[in-house]
Amino acid sequence: MRIYVDFDDVLCETARELSRLVLELYGCRVPYEAIHAFNLREAFGLDEARYLHLMHIAHGAEQLLALEPTPGAVAAVAGWMGEGYTVEIVTGRPYATHEASALWLRRHGLEGVPLVHVDKYNREPPAAEGQARALTRGEFAERRYDLAVEDAPMALEQLAAMPPCRVVIFDRPWNRGVPLLTQHFTRCRDWPAVEEVAADCRRLAAGSSSRQWQ
Ligand SMILES: [Mg+2]
């Protein structure tokens with residue numbers, strides 16, 4: 001089974017930290033539950049200069065390494081790896097954060113889980129020729145997964161347009177307006193619920209492979 005797991009606000013608690021950071025930097029109080037827009041300019045009411053400064057700080061190694069894992073996420077991913085599933089962490093973070101992001105995974109016991117950068121939000125700066133970089137949305141579009149776990153509305157739309165795959169909308173205040181975009185979509189409030197969906201996928205896959213051999 002091939003599984004896509006988003007990083008921010010699926011594997012770790014990024015928005016809670018951004019809420020704290022915006023208060024510290026700008027004195028702007030927007031608690032996590034009040035973050036109703038994925039666009040942070042809108043969510044925190046920031047002008048472009050403040051938004052860019054926030055992003056610069058938020059993508060620093062120290063900030064990234066301090067992010068708390070989402071309860072149950074690390075154990076679930078480690079468990080899937082142990083069962084022989086192919087798990088990829090598919091992140092929209094800029095490629096420049098690769099080292100710090102991979103170090104976070106190592107520190108939390110997920111060493112060796114592939115970390116794939118995709119320019120999910122069309123904001124990646126152009127890379128020099130031959131330099132490692134994030135995949136474009138077009139390059140990513142043909143990938144196949146059996147299950148994807150994602151919170152970002154734009155990325156969920158892309159998953160709906162990709163080869164059919166079970167998609168979990170990881171419930172967050174900013175995605176509550178996103179409908180179940182295809183019959184393969186479901187919404188989970190926490191990681192135990194995501195693990196149940198994965199178990200269901202495995203049962204379906206086992207059923208279809210045993211039918212092939214009958
Ligand atoms: Mg995310």
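Note that this is a predicted model, so its numbers are computed, not measured. (Residues numbered from 1 in each chain as written. Predicted model: local features only at pLDDT ≥ 70, side-chain atom pairs only at ≥ 80, totals over all residues.)

Chemist: Could you give me a rundown of helix H5 (residues 73-82), with the residues and numbers involved?
Modeler: By the burial criterion, the buried members of H5 are Ala73, Ala76, Val77 and Trp80. Taken down its axis, H5 places every buried residue within 95° of arc, on the same side. In the stretch just after H5, Gly84 is the one whose phi turns positive, near 90°. (Buried ≥ 20, exposed ≤ 12 C-beta atoms within 10 Å, placed from the backbone. Helix = DSSP H or I, 4+ residues; strand = E, 2+ residues; numbered from the N terminus. Arc of directions from axis to C-beta.)

Chemist: Got a sec to walk through the domain arrangement of the chain? Specific residues and values, please.
Modeler: The domain boundaries assigned to the chain delineate domain 1 (2-13 + 69-213) and domain 2 (14-65). No other element matches helix H6 (residues 98-107), which puts 4 residues into the side of domain 1 that touches domain 2. Residues belonging to the side of domain 1 that touches domain 2 are distributed by class as follows: 9 nonpolar, 2 polar and 5 charged. (Domains from an automatic or database assignment. Nonpolar A, V, L, I, M, F, W, Y, C, P; charged D, E, K, R; others polar.)

Chemist: Give a description of the environment of Gln158 that names residues and reports values.
Modeler: Among the secondary structure elements, Gln158 is positioned in helix H8 (residues 153-161). Taking the number of C-beta atoms within 10 Å as the measure of exposure, Gln158 has 16 and is therefore partly exposed. C-alpha separation for the pair Gln158 and Lys120, spaced 38 residues apart in sequence, amounts to 8.5 Å.

Chemist: Residues and numbers for H6, please.
Modeler: Looking only at H6, the buried set comprises Ser101, Trp104 and Leu105. The buried residues of H6 occupy an angular sector of 100° when projected down its axis, which confines them to one face. Opposite its buried face, H6 presents the exposed residues Glu99, Arg106 and Arg107, each directed more than 90 degrees away. Of the surrounding secondary structure, the elements contacted by the buried residues of H6 are helix H4 (61-65), strand S2 (86-91) and strand S3 (115-117). (Contact = placed C-beta atoms within 7 Å.)

Chemist: Summarise the packing of helix H1 (residues 14-26) against helix H3 (residues 48-58); cite the residues concerned and give the values.
Modeler: Close contact between H1 and H3 brings their axes to 11 Å; oriented N to C, the two are set at 120°. Comparing their axes, H3 and H1 come out oblique. Here H1 and H3 pass one another in a crossing that is right-handed. Every residue of H3 that contacts H1 at Leu18, Leu21, Val22, Leu25 and Tyr26 is listed here: Arg50, Leu54, Ile57 and Ala58. Residues of the contact of H1 with H3, tallied by class, amount to 8 nonpolar, no polar and 1 charged. (Axes fitted to C-alpha atoms, helices over the stretch in contact; angles between N-to-C directions. Parallel < 35°, antiparallel > 145°, perpendicular 65-115°, else oblique. Left-handed = near helix turned anticlockwise from the far one by under 90°.)

Chemist: Before we move on, could you go through the pairing of strand S5 (residues 166-170) and cite the residues and values that matter?
Modeler: For S5, the buried fraction is high: 5 of the 5 residues fall into the buried class. Bridge count for strand S4 (residues 147-150) against S5 is 4 bridges, and the pairing is parallel. Across the sheet, the residue bridging to Val149 is Val168, located in S5. A crossover connection joins S4 to the parallel S5 through H8; in handedness this β-α-β unit is right-handed. Summarising the sheet, S5 and strand S6 (residues 185-188) pair through 4 bridges and their orientation is parallel. In the strand pairing of S6, Val167 is matched with Phe185. (Pairing = 2+ DSSP bridges. Right-handed = clockwise from strand over helix to strand, strands pointing away.)

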